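Analysis of the macromolecular model
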Amino acid sequence: MHKGFVKPIGYSVPSAISRLAPLSEPHSGRPPARGGAKTQPEARSLLERMLEFLHPGPDSKSELIETLAEAEQRELIEPESRQMLEGVLRMAELSAGDAMVAAPRMDLLDIDAPYDELLALVIDTGHSRFPVYEGSRDNIIGILLAKDLLKMQRAPELNLRALLRPTVFVPESKGLNELLRDFRTNRNHLAIVIDEFGNTAGLITIEDVLEEIVGEIEDEFDDKDGESGIYTLADGSQRVAGDASIAAVNGAFELTLPDADFDTIGGLVAHEHGRVPRRGEAVDIAGLRFSVMLTRGGAVRWFKVTRTPPAAESDA
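Read on for an overview of the structure. Worth saying up front: this structure is predicted, and the values here are computed from it rather than measured.

**Considering the pattern of salt bridges**
Note that side chains of opposite charge can pair when their charged atoms are close. This model, assessed by the stated rule, comprises eight salt bridges. The salt bridge partner of Asp-148 is Lys-151, with a shortest N-O separation of 3.3 Å. In this structure, Arg-275 and Glu-281 form a salt bridge, with 2.9 Å as the shortest nitrogen-oxygen distance. Its relative accessible area of 24% is what places Glu-281 among the partly exposed residues. One salt-bridge network, held together by shared partners, links Asp-148, Lys-151 and Arg-165.

Below is the structure:
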């Protein structure tokens, strides 16, 4: 034993530490818990701080998306859940102008058109709501529900103007998060998108907003049961899926488009256009005009394909 140190009889070092340990804890001013044990919330708080120090959370949206992908790989969440969560995160960056149907692609009804003509357009397009204009397509005076139009069949004396619903106008810059909240609050399912000059830029529906989260909501008009994804429309044009193979497009239109660098027609069109085209835009390739009908998740879902007019083909 070292000189100058005398160990007291019946007194050990551990016992001394145990007596001094409570003195190192600051007085909280709260009454001690029964039995002197620390409360569970304090223990959880300390554990959370330790875990956060050892495994810091994501600091950006991209890191959060990567974390979701890792969670899917570890089978903590389902692929569909990850896609929906990513859709919610990405939707915060989108505006009405990103998801709208461009004005040239809008199906409108003329207030002065005869009933039979209006009914034929409703049947051909299959929409449930239609903007109604007077004079010019830019002068939208209301929204007509298809079911309301049927009332005129039983009561021809009804005035079509009396059946119109108020029009909701939103700017192109309006965020999809805010727009979805307005749709739910006001019970509107369709809004007209206007540009900075007050002109009609397009329209957007609640379905367009929800599809940014859950993906495409298919109905009987979106049925894709064929292998090629190419369908003939009533006007003689073709509806082509963006993920249709180039070989299928070559076979359907008797073309020789190159398929060495691209697997799908959507990839080839995006390459020729310089970027992924938006709804309402058209790209001319090899005598065909690929007009975008629907986009989802940053890719083209459906093209409407027609033959390029001779004048446009010669210019190209």
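**Topic: the environment of Leu-294**
Here Leu-294 is to be found in strand β11 (residues 288–296). Distance in space between the C-alpha atoms of Leu-294 and Lys-304 is 9.4 Å, their sequence separation being ten residues.

**Some points on the sheet that holds strand β1 (residues 101–102)**
What links the strands of a sheet is backbone hydrogen bonding, and the strands pair in either a parallel or an antiparallel sense. Judged by pairing direction, the sheet is mixed, and its four strands sit side by side in the order β1-β7-β6-β5 without closing on themselves. Each end of this open sheet is capped by a strand with a single partner; those strands are β1 and β5 (169–171). Of the strand pairs in this sheet, β5 and strand β6 (residues 190–194) are connected by three bridges, and their pairing is parallel. Residue pairing across strands places Phe-169 opposite Ile-192, the latter belonging to β6. Strands β5, β6 and β7 (200–205) of the sheet are contacted by helix α9 (residues 176–186), whose axis makes an angle of about 60° with β7. Strand contacts of helix α10 (residues 206–214): β1 and β7, with the helix running at about 65° to β7, the strand carrying the most contacts.

**Observations concerning the packing of α9 against α10**
Taken N-terminus to C-terminus, the directions of α9 and α10 make an angle of 130°; their axes are 10 Å apart at the nearest point. Considering the angle they form, α9 stands oblique to α10. Helix-helix and strand crossings are classified by hand; for α9 and α10 the assignment is left-handed. Of the residues in α10, those touching α9 at Leu-176, Leu-179, Leu-180 and Phe-183 are Ile-206, Val-209, Leu-210 and Glu-212.

**So, the pairing of β6**
In the case of a regular strand, side chains alternate between the two sheet surfaces. Counting buried positions along β6 gives four out of five residues, so the element sits mostly inside the fold. Following the chain from β5 across α9 to the adjacent parallel β6, one finds a crossover that is right-handed. In sequence, β6 turns back onto β7 through a hairpin of five residues, with Gly-198 there showing a positive phi of about 85°.

**Side note on the environment of Val-88**
With respect to the element layout, Val-88 can be found in helix α4 (residues 79–91). Residue class for Val-88 comes out partly exposed when judged on its relative accessible area of 40%. Along the backbone, Val-88 and Asn-177 are 89 residues apart, and their C-alpha atoms lie at a distance of 8.8 Å.

**Side note on the packing of aromatic side chains**
Counting across every chain of the model gives two aromatic pairs. Of note, Arg-239 hangs over the ring of Trp-302, and the distance from its end group to the ring centre comes to 4.2 Å.

**Examining the environment of Ser-173**
Tracing the sequence through the fold places Ser-173 in the loop between β5 and α9. The spacing of Ser-173 and Asp-98 is 75 residues in sequence and 8.9 Å in space, taken between C-alpha atoms.

The rules behind these values
Residues numbered from 1 in each chain as written. Predicted model: local features only at pLDDT ≥ 70, side-chain atom pairs only at ≥ 80, totals over all residues. Heavy atoms only, no water. Salt bridge = Lys/Arg side-chain N within 4 Å of Asp/Glu carboxyl O. Buried < 20%, exposed > 50% of the residue type's maximum accessible area, 1.4 Å probe, protein only. Helix = DSSP H or I, 4+ residues; strand = E, 2+ residues; numbered from the N terminus. Pairing = 2+ DSSP bridges. Contact = heavy atoms within 4.5 Å. Axes fitted to C-alpha atoms, helices over the stretch in contact; angles between N-to-C directions. Parallel < 35°, antiparallel > 145°, perpendicular 65-115°, else oblique. Left-handed = near helix turned anticlockwise from the far one by under 90°. Right-handed = clockwise from strand over helix to strand, strands pointing away. Phe/Tyr/Trp six-rings, centres within 6.5 Å; stacked < 30°, edge-to-face > 60°. Lys NZ or Arg CZ within 6 Å of the ring centre and 35° of its normal.

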